[in-house]
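# Working through the structure, step by step
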Amino acid sequence: MKRLGIASFTARGGRVADSVAAAFEKEYEIVRYEGSLKEWCGGLFASGADGIIFVGACGIAVRTIAPFIKSKTTDPAVLVVDEAGQFVISLLSGHIGGANRLAVQAAEILGATPVITTATDVNGKFAVDVFAKENALRIGSMRAAKEISAALLRGEKIGVLCEGRIEGELPPELVLLEDDNWEEKKQSRPAQTNFEEKMPAHLGGIITIGSGRWADAARIEWMHSNAIGSWADAAQTEWAHANALEPMEAETSVKGSQLPPVVLHLYPNAYVLGIGCRKGKAEQEITKAVQRAIDMLGITMEDIAGAASIELKKEEPGLLEFCRKNKLQFETYSAEVLAAVEGNFSPSSFVKHVTGVDNVCERAALCMAREMSGQPDLEPVRNEWPARTRVEEAARYGQPDSEPVRNEWLARTKIEEAAGYEQPDTTEAGGRLILRKQAEDGVTVAVAEKSWSVRF
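Residues numbered from 1 in each chain as written. Predicted model: local features only at pLDDT ≥ 70, side-chain atom pairs only at ≥ 80, totals over all residues. Heavy atoms only, no water.

Here we take up unusual backbone geometry. The phi angle at Ser-93 is positive, at roughly 60°, despite the residue not being glycine. Relative to the helices and strands, Ser-93 resides in the loop between strand 5 (87-92) and helix 4 (99-110). Exposure remark for Ser-93: the relative accessible area of 10% places this residue in the buried category. Backbone geometry places Ala-136, a non-glycine residue, at a positive phi of 55°. (Helix = DSSP H or I, 4+ residues; strand = E, 2+ residues; numbered from the N terminus. Buried < 20%, exposed > 50% of the residue type's maximum accessible area, 1.4 Å probe, protein only.)

Pasting the structure below:
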């Protein structure tokens, strides 16, 4: 249950606090202030509380929270309400922390005026951090998110490339960018009124929504179709990955870039691990195999929604510890259930002899992804062009240059990824297998993607 701290300092303020607490007690565990104000507040910050409401002067709130503020991605929502209940001020974490939304709710309860000061809200502009929070998307770079907001406030258009479904209507300041199949996709997304075939005269930035490797391929494909890209742009993207930088940071580090000023990646929490392992495998060995697999897809553990295996592994210590450390939902399925999963899988007679089913990791990943989806799968047409892009990019990376070893690996990786996108089981209803079985030292890993969408 979410936790909300409420502090008041006078009898009149206490009555206001009581009204707020009563209204929120079904949604939050209410933690009332008592004892040392500094210790009470520090404990809420340290324990990951969702919000703190001070009923009193702004100065008290500012001085109290100051030592504990760390990051807009982790700090709780902080509100200040005057003791007469006339104004509710969103003081900290207005967007990601949800303070703006909480301020509006509290103001409705008290019949007060919400005070919101964040620039995008004041100017009626799209707020990318709010959009990310509401759609459970991980923000790849807060620096890039800040630059996107700045571009919007300057009145510039922002391009959007999205791997999943889009619901609702894009704000007028956003432009949906697409690949060569854009006409077909336009027909499947009737809500998009500002769907552009060609690049606008100027873009203040691009937002990509999807896995890291897909985002890079989509952006490169779009640039080629608009005749603004070059082989150097593709190399630059891989340079960013190799140096563990956000693409936007790399783009400002490499001279001669023709890209818009900023590219922001948003990553969905939409991926499911299927894991098989020999008995007694340690958590570290499982982590190593999983990391290798997700690195191939350009995603992180933060993007993983769950992990699955066969019932034989429901008490496997290393697997349980891996899921506990990474806070992953863990599901196991009987051999009969896994055998009934439809799709094309990598069969193993040895695995079938031991477990009763010809493949554990691929079937388990897809089974859990479908359970979590509860809706039809992503459009099949979309699977063709990332594969083509990856093959084309692989050919580019096969060109000799100063780093032939790295380029050879990149080419091989891109060809393997392209093959994965062309497998028939990537378009099964309810989810798709995006990485086939990867084996390493007695651990097998596959990755499936559940059906997902974003709403504007």
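Following the structure, the description resumes.
Bringing the sheet that holds strand 7 (residues 137-139) into the picture now. The 5 strands lie next to each other as 7-12-11-8-10, forming an open sheet whose pairing is mixed. Where the open sheet ends on each side, the last strands, each with one partner, are strand 7 and strand 10 (174-176). Here the average twist between neighbouring strands, direction ignored, is 25°. Here 5 bridges tie strand 8 (residues 158-162) to strand 11 (residues 205-209), and the two strands are oriented parallel to one another. When the sheet's bridge partners are listed, Val-160 is paired in strand 11 with Ile-207. Along the sheet, helix 7 (residues 142-153) makes contact with strand 7, strand 8, strand 10, strand 11 and strand 12 (263-268), crossing strand 12 at roughly 120°. (Pairing = 2+ DSSP bridges. Axes fitted to C-alpha atoms, helices over the stretch in contact; angles between N-to-C directions. Contact = heavy atoms within 4.5 Å.)

For an α-helix, 3.6 residues make a turn, and residues three or four places apart therefore share a direction. Taken together, the buried positions of helix 13 (residues 317-325) are Gly-318, Leu-319, Phe-322 and Cys-323. The buried residues of helix 13 all sit within an arc of 135° when viewed along its axis, so they share a single face. Exposed positions of helix 13 whose direction lies more than 90 degrees from the buried face are Pro-317 and Arg-324. In this structure, the buried residues of helix 13 make contact with strand 13 (271-277), helix 12 (283-297), strand 14 (304-310) and strand 15 (329-333). Lys-327, located one to two residues past helix 13, shows a positive phi value of around 55°. (Arc of directions from axis to C-beta.)

With respect to the secondary-structure elements, Arg-138 resides in strand 7. The buried category is assigned to Arg-138, whose relative accessible area is 17%. For Arg-138, the side chain forms a polar contact with the side chain of Asp-303, separated by 2.9 Å. Arg-138 has contacts with His-265, Leu-266, Tyr-267, Thr-300, Glu-302 and Asp-303, leaving out every residue within four places of it along the chain. (Polar contact = N/O pair within 3.5 Å; in protein donor to acceptor, adjacent residues only side chain to side chain.)

Quick look at helix 16 (residues 361-373) now. The end-to-end C-alpha distance of helix 16, which contains 13 residues, comes to 18 Å, matching closely the 18 Å that a straight helix rising 1.5 Å per residue would cover. The complete set of buried residues in helix 16 reads Cys-361, Glu-362, Arg-363, Ala-364, Ala-365, Leu-366, Cys-367, Met-368, Ala-369 and Ser-373. Along its buried surface, helix 16 packs onto strand 13, strand 14, strand 15, helix 14 (335-339), strand 16 (431-440) and strand 17 (443-450). (Expected span 1.5 Å × (residues − 1).)

Attention now goes to the packing of aromatic side chains. Under the definition given, this model contains 8 aromatic pairs. Their ring planes at 90° and their centres at 5.6 Å tell us that Phe-24 and Tyr-28 sit as a pair that is edge-to-face. Exposure remark for Tyr-28: the relative accessible area of 4% places this residue in the buried category. (Phe/Tyr/Trp six-rings, centres within 6.5 Å; stacked < 30°, edge-to-face > 60°.)

Another aspect to go through is the nonpolar core. The biggest cluster of nonpolar side chains holds 27 residues, and the ones touching the most others in it are Ile-207, Ile-209, Leu-264, Leu-266 and Val-454. Contributing elements (two or more residues each) for this core: helix 6 (128-134), strand 7, helix 7, strand 8, strand 10, strand 11 and strand 12. The greatest single-element share of this core, amounting to 5 residues, is contributed by helix 7. (Core = buried A, V, L, I, M, F, W, Y, C linked by side-chain atoms within 4.5 Å.)

A word on the sheet that holds strand 6 (residues 113-115). On the basis of which strands lie adjacent, the open sheet formed by 6 strands has the order 2-1-3-4-5-6 and mixed pairing. The open sheet is flanked by strand 2 (28-32) and strand 6, the only strands paired with a single partner. The average angle at which neighbouring strand axes cross in this sheet is 20°, direction not considered.

Before going further, it helps to spend a moment on the environment of Thr-444. Position of Thr-444 among the secondary structure elements: in strand 17. A sequence separation of 170 residues divides Thr-444 from Gly-274, and the C-alpha atoms of the two residues are 8.0 Å apart. When residues no more than four places from it in sequence are discounted, the contact partners of Thr-444 are Gly-274, Ile-275, Gly-276, Cys-361, Lys-437, Gln-438 and Ala-439.

Okay, the pairing of strand 17 next. When you tally the buried positions in strand 17, you get 8 out of 8 residues, the bulk of the element. The two faces of strand 17 match: Val-443, Val-445, Val-447 and Glu-449 on one face and Thr-444, Ala-446, Ala-448 and Lys-450 on the other face are all buried. One ladder, built from 7 bridges, connects strand 16 with strand 17; its direction is antiparallel. Looking across to strand 17, one finds that Ala-439 is bridged to Thr-444.

Let us look at the confidence of the model for the protein. Per-chain confidence: the protein averages 80 in pLDDT, with 71% of residues scoring 70 or above. Taken as a whole, residues 179-198 scores under 50 in pLDDT and shows 44 contacts with residues more than four places along the chain or in a different chain. This model gives residues 375-428 a pLDDT under 50, and the stretch forms 110 contacts once residues within four places in sequence are excluded. (pLDDT = per-residue confidence, 0-100.)

With that out of the way, let us pick up the environment of Glu-27. Relative to the helices and strands, Glu-27 resides in the loop between helix 1 (11-24) and strand 2. Between the C-alpha atoms of Glu-27 and Arg-3, which are 24 residues apart in sequence, the distance is 8.6 Å. Not counting residues within four places of it along the chain, the set of residues in contact with Glu-27 comprises Met-1, Lys-2, Arg-101 and Gln-105. Separated by 2.9 Å, the side chains of Glu-27 and Lys-2 make a polar contact.

What follows is about the packing of helix 12 against helix 13. Across the interface, helix 12 lies against helix 13 with an axial gap of 8 Å and an inter-helix angle of 65°. Between helix 12 and helix 13 lies a crossing of right-handed hand. Residues Glu-283, Ile-286, Thr-287 and Val-290 of helix 12 touch helix 13, and the partners they reach there are Gly-318, Leu-319, Glu-321, Phe-322 and Lys-325. Within the contact of helix 12 with helix 13, the residues separate by chemical class into 4 nonpolar, 2 polar and 3 charged. (Left-handed = near helix turned anticlockwise from the far one by under 90°. Nonpolar A, V, L, I, M, F, W, Y, C, P; charged D, E, K, R; others polar.)

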